[in-house]
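# Notes for the structure review
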Amino acid sequence: MSISAILAFCWIYVRKYQSQRESEVVSTITAIFSLAIALITSALLPVDIFLVSYMKNQNGTFKDWANANVSRQIEDTVLYGYYTLYSAILLCVFFWIPFVYFYYEEKDDDDTGKCTQVKTALKYTVGFAVICALLLLVGAFVPLSVPNSRNSTEWERVKFLFEELGSSHGLAALSFSISSLTLIGMLAAITYTAYGMSALPLNLIKGTRSAAYERLENTEDIEEVEQHIQTIKSKSKDGRPLPARDKRALKQFEERLRTLRKRERHLEFIENSWWTKFCGALRPLKIIWGIFFILVALLFVISLFLSNLDKALHSTGIDSGFIIFGANLSNPLNMLLPLLQTVFPLDYILITIIIMYFIFTSMAGIRNIGIWFFWIRLYKIRRGRTRPQALLFLCMILLLIVLHTSYMIYSLAPQYVMYGSQNYLVESNITYDHHNRNSTVSVPKRCDADAPEDQCTVTRTYLFLHKFWFFSAAYYFGNWAFLGVFLIGLIVSCCKGKKSVIEGADEDDSDISDVEPSAYSV
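Predicted model only: the values in this text are computed from it and were never measured. (Residues numbered from 1 in each chain as written. Predicted model: local features only at pLDDT ≥ 70, side-chain atom pairs only at ≥ 80, totals over all residues. Heavy atoms only, no water.)

With that out of the way, let us pick up a nonpolar patch on the surface. On the surface, Leu285, Ile288, Trp289, Phe292, Val343, Leu346, Ile349 and Ile353 cluster together into a nonpolar patch covering about 710 Å² of accessible area. With respect to the secondary-structure elements, Trp289 resides in helix α10 (residues 283–314). By relative accessible area, which is 43% here, Trp289 ends up partly exposed. (Patch = residues over 30% accessible without salt bridge, like charges linked within 9 Å, V, L, I, M, F, W, Y side chains within 5 Å. Areas by Shrake-Rupley, 256 points an atom, 1.4 Å probe, with all protein chains shown as cover. Salt bridge = Lys/Arg side-chain N within 4 Å of Asp/Glu carboxyl O. Helix = DSSP H or I, 4+ residues; strand = E, 2+ residues; numbered from the N terminus. Buried < 20%, exposed > 50% of the residue type's maximum accessible area, 1.4 Å probe, protein only.)

Structure follows, in structure tokens:
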């Protein structure tokens, strides 16, 4: 997928959901580019795996052009790609998105001038910048090894820390910051992606309610509310003032009537829309897609469960971050990838499909749940009615989830993510019975943790994932939570009825407006 195609998709997606009344140029550009960075970063994993695999032949030998210098250049190129994209993510999460968000938060106050908006936004953004600087400093000076001498002086220890920082070229600092954000992304994935993996397929299979039936129900509700209003107003026909309780009830019924009449206009438009008829013709295709998505979700969940179970039984424990090399318990995805490696490029296509599925189900989860702060709903994500601040939140959440995607793929197929399809040569003794002679031959073997460092090239993704054991341990427990939330979401999605043809337009939804109904029917 080219960058222009990614930008085009991001533009269509953002324009589809942003509010037509509150759209702002700066927030729109910020949302588009943040979403594009998330998608481009997710595409780097299959590229990383492809490059380390492409340097070697299937017989375990390096290709003629893949000498030590070329291999190092390729590794550095991928590493610089990660540096660039991860730095862009840090810039978006800690600087760009917070500044634009707080700028538009202040803009809601009509008495606030431009200078005051900028000053307030900068004040809050400085707080995010301080957090980013602290994460970089902690990551830079957390030693991955300790000095050999226990009697080292304080100066020697400080010198050792700076040598560690210099030797890693800032990799540890960036890795710690990204791992911290990945930890937040894990919580977002548990909340949104796990639910979206069950909600998206089942919504496609079940479809939406009939516009004609909803309109009939809405007409009955209008008649009922009008009767209540007439009953209350009849109490004041003789000139007596209404009691305070009746006034409050009358106001509530009148508000309800206005909402129902707006809903009636939207339903009438949707019922007669050509788009509704077109979507009805595509109903069988949606059911097929829904079945396909639920099968992918089951493949993902079963593989993740078996992989986590393997770590629980065969890893060295929490002190190592539950890291395991190879697979003692086979899972469907781990068995499927080696088979697909024999036919280029099927394995990369599968990895790309899983990553994109992960992202789209995350989008579906955010749309269905909305954006919450604990028990307080902050924003809803609705077609044509999403506020600029909500879009910025959406893009920030997706950025964090994309960071966690790489670890999820590693959890499913650790050896594949580390080495791709690389083989290396091992010497094997063969005995000839007729001559009673032994002969040594080189046999290709799949790269694993026992392979010599000069024979197998580790992906740059793996270097970022496992710099710090405590993050790996947290991701391990997060995978169990992910599985639990998926099962709960699957039960909830099965028990829920069909969605309204007007997405999210329930009776207490203040987002229903008098603007052109077509904005909501797409």
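Next up on the list: the layout of surface pockets. The computed volume of the largest pocket comes to approximately 1,700 Å³. If you trace the largest pocket, you find 46 residues lining it, with Lys16, Leu204, Lys286, Arg367 and Arg383 closest to the centre. Among the elements of the structure, α1 (3–17), α6 (171–206), α7 (211–233), α8 (244–271), α9 (274–281), α10, α12 (346–369) and α17 (518–521) are those that each provide at least two residues to the lining of the largest pocket. There is about 830 Å³ of room inside the second largest pocket. Taken together, 25 residues line the second largest pocket, and the ones lying closest to its centre are Ile184, Trp372, Phe373, Phe393 and Ile397. Counting residues per element, the ones that place at least two in the lining of the second largest pocket are α3 (68–107), α4 (114–141), α6, β1 (371–373) and α13 (388–412). (1 Å grid on protein atoms, 1.4 Å probe; cavity = no way out; pocket = protein on both sides within 12 Å on 5 of 7 lines; lining within 4 Å. Points joined across faces, edges and corners; volume = space filled by probe spheres on them.)

Right, let's talk about the confidence of the model for the chain for a bit. Looking at the chain, the pLDDT average stands at 77 and 84% of residues meet or exceed 70. Per-element confidence in the chain ranges from a low mean pLDDT of 39 for α17 to a high of 88 for helix α16 (residues 469–495). (pLDDT = per-residue confidence, 0-100.)

The next subject is the packing of aromatic side chains. One pass over the structure, following the stated rule, counts 25 aromatic pairs. Considering the side-chain rings of Phe9 and Phe360, the 5.6 Å spacing of their centres and the 90° angle between planes classify their relative orientation as edge-to-face. Residue Phe9 is found in helix α1, and its partner Phe360 is found in helix α12; the two are separated by 351 residues along the sequence. Since its relative accessible area comes to 27%, Phe9 is described here as partly exposed. Both rings, one in Tyr476 and one in Trp480, keep their centres 6.4 Å apart while their planes meet at 90°; by these two values the pair is edge-to-face. Of this pair, Tyr476 and Trp480 are both found in helix α16, 4 residues apart, which corresponds to roughly one turn of the helix. Each member of the aromatic cluster is reached from another via a ring pair, and the members are Tyr101, Phe102, Tyr124, Phe128, Tyr379 and Phe393. In this arrangement the basic side chain of Lys123 is found over the ring face of Tyr124, its NZ or CZ atom lying 5.4 Å from the centre. (Phe/Tyr/Trp six-rings, centres within 6.5 Å; stacked < 30°, edge-to-face > 60°. Lys NZ or Arg CZ within 6 Å of the ring centre and 35° of its normal.)

Attention now moves to the pairing of strand β2 (residues 376–379). One ladder, built from 3 bridges, connects β1 with β2; its direction is antiparallel. Note on β2: the bridge partner recorded for Phe373 is Ile376. In this antiparallel pair of consecutive strands, β1 and β2, the connection spans 2 residues, and Phe374 shows a positive phi of 60°. (Pairing = 2+ DSSP bridges.)

Residues annotated in UniProt with the feature "transmembrane region" (unreviewed entry) correspond here to residues 25–45, 80–104, 124–146, 171–195, 287–306, 348–378, 390–410 and 468–492. In this annotation, residues 25–45 is assigned 100% helix and 0% strand; the end-to-end C-alpha distance for the span is 32 Å. Strand forms 0% of residues 80–104 and helix 100%; the C-alpha atoms that close the span are 34 Å apart. (UniProt positions renumbered as here; feature names shortened; annotations may be inferred.)

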